[in-house]
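Each chain is listed here by its residues.
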Amino acid sequence: MSAPAEQLSLITPDEPSHAPADDAVRLLLFNAQHASPDRSRRQAAWVAAQENADIAIFTEVSSTQGGAALVTTLGERGYTTVIAPQPAEADYRTVIACRTADAQPVQSPVAVTPHRAPAARVTTGGHDIGVLGLYVPSRGPREHHNVAKRAFQDSVSEALPKLSAAFPDMAVIVAGDLNVIERGHQPPHKVFGAWEYAFYDSFQAAGLTDAFRHLHPDKIAHSWYGRTGGGFRFDHLFVSTRHADRVLACDCHHQAREAGLTDHAVMTLRLAVARPPVPGSEAGSHGRHQETR
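Here's what I pulled together on the structure shown here.

Parameters at a glance
- Residues numbered from 1 in each chain as written.
- Predicted model: local features only at pLDDT ≥ 70, side-chain atom pairs only at ≥ 80, totals over all residues.
- Heavy atoms only, no water.
- 1 Å grid on protein atoms, 1.4 Å probe; cavity = no way out; pocket = protein on both sides within 12 Å on 5 of 7 lines; lining within 4 Å.
- Points joined across faces, edges and corners; volume = space filled by probe spheres on them.
- Helix = DSSP H or I, 4+ residues; strand = E, 2+ residues; numbered from the N terminus.
- Nonpolar A, V, L, I, M, F, W, Y, C, P; charged D, E, K, R; others polar.
- Axes fitted to C-alpha atoms, helices over the stretch in contact; angles between N-to-C directions.
- Parallel < 35°, antiparallel > 145°, perpendicular 65-115°, else oblique.
- Left-handed = near helix turned anticlockwise from the far one by under 90°.
- Contact = heavy atoms within 4.5 Å.
- Core = buried A, V, L, I, M, F, W, Y, C linked by side-chain atoms within 4.5 Å.
- Buried < 20%, exposed > 50% of the residue type's maximum accessible area, 1.4 Å probe, protein only.
- Pairing = 2+ DSSP bridges.
- Phe/Tyr/Trp six-rings, centres within 6.5 Å; stacked < 30°, edge-to-face > 60°.

**Quick word on the layout of surface pockets**
- Within this model, the largest pocket holds a volume of roughly 440 Å³.
- Surrounding the largest pocket, 19 residues form its lining, Ser138, Arg139, Asn179, Trp224 and Phe234 being those nearest its centre.
- In terms of lining, the second largest pocket is formed by Tyr200, Asp201, Phe203, Gln204, Leu208, Thr209, Asp210, Arg213, Phe238 and Thr241.
- Secondary structure elements with two or more residues in the lining of the second largest pocket: helix H5 (194–205) and strand S10 (208–210).
- Split by residue class, the lining of the second largest pocket holds 4 nonpolar, 3 polar and 3 charged.

Here it is as structure tokens:
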């Protein structure tokens, strides 16, 4: 059973910098890097100023003062719904913030540390979208090397095939810092084991498509850099494969990282809420909302 999600709807939020789109899902993925309260407030202000952030997913959010400041400031900056599960013990968590009030938390399908994997149903332009945020643990200290990471990854892999039942007849987006790279990653990194590559593969096996790779099959991009300067594409955005043709844009941005707000690049996704009509078809003559799946 997952931990209950804390959903905050503040009474007097500021007017949002951008009105939510009704023709596309605009989602932004941001690693909060266990920020202090002051930096958390600056992170929330920066994200709220971004047009492509109707849904904002924050990973590596602290369960203490920094995380509380992030959640409060998001509400003050126009995010009507903030889903912020609290762990029973001190741990990092994942937060989902939505500019629309038409968003509801649902029970996380991930049984292990579900506060790292909140889920929501969000309505955009009359269409329901399923959203799952993920923050996979790092490899951990030597005495517990990979124990938490492997347990969480196994639980996620088990949960992914259940998403179509949890979110029937709707597009599904899974976004997060997975702390793994894809096969064939450039540059290669020998530190990753077969079980970590298998975790990345489990998304495709469950009917999910890497949105960045879908649009940029050969592009080399990194979202985090190690101490030696080696780049890693740790941050990922997946969409249900049967809706992959709706992906309009998926990109990696480094402005926030270069400004010192985070040590990760920011990922953005734009997903059309409905397939564009085929010219000359009956659906085309009656409007885009006829096709909903």
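**So, the packing of helix H1 (residues 37–48) against helix H2 (residues 65–76)**
- For the pair H1 and H2, interaxial distance at closest approach is 8 Å and the crossing angle is 30 degrees. Taken as axis vectors, H1 and H2 run roughly parallel relative to one another. Handedness of the crossing formed by H1 with H2: right-handed. Where H1 abuts H2, its residues Pro37, Ser40, Arg41, Gln43 and Ala44 lie against Gln65, Gly66, Ala69, Leu70, Thr73 and Leu74.
- Residue composition of the contact of H1 with H2, grouped by class: 5 nonpolar, 5 polar and 1 charged.

**A few points about the nonpolar core**
- Ile55 and Leu269 are the most contacted members of the largest nonpolar core, which totals 28 residues.
- If sequence neighbours within four positions are ignored, Leu269 has contacts with Val25, Arg26, Leu27, Ile173, Ala211, Leu237, Val239, Val247, Ala249 and Cys250.

**Some words on the environment of Gln65**
- Assignment of secondary structure puts Gln65 in helix H2.
- Each C-alpha atom of the pair Gln65 and Ser40 lies 9.3 Å from the other, and the pair is 25 residues apart in sequence.

**Quick look at the sheet that holds S10**
- Spatial strand order, S6-S7-S8-S9-S13-S10: 6 strands in an open sheet with mixed pairing. Taken across any chain shown, the strands that pair with only one partner, and hence form the sheet edges, are strand S6 (103–106) and S10. On average, adjacent strands in this sheet sit at an angle of 25 degrees to one another, irrespective of strand direction.
- With 6 bridges joining them, strand S7 (residues 119–124) and strand S8 (residues 127–135) adopt antiparallel strand pairing. From the neighbouring strand, Arg121 faces S8, where its bridge partner is Gly130.

**Some words on the packing of aromatic side chains**
- Counted according to the given criterion, the structure contains 12 aromatic pairs.
- Note on Phe30 and Trp46: the rings are 6.1 Å apart at their centroids and 50 degrees apart in plane angle, and the pair reads as tilted. Taken together, the positions of Phe30 in strand S2 (residues 24–31) and Trp46 in helix H1 put the pair 16 residues apart, joining distant regions of the chain.
- Pairing Tyr200 with Phe238 gives two aromatic rings, centres 5.9 Å apart and planes at 55 degrees, and the pair type is tilted.

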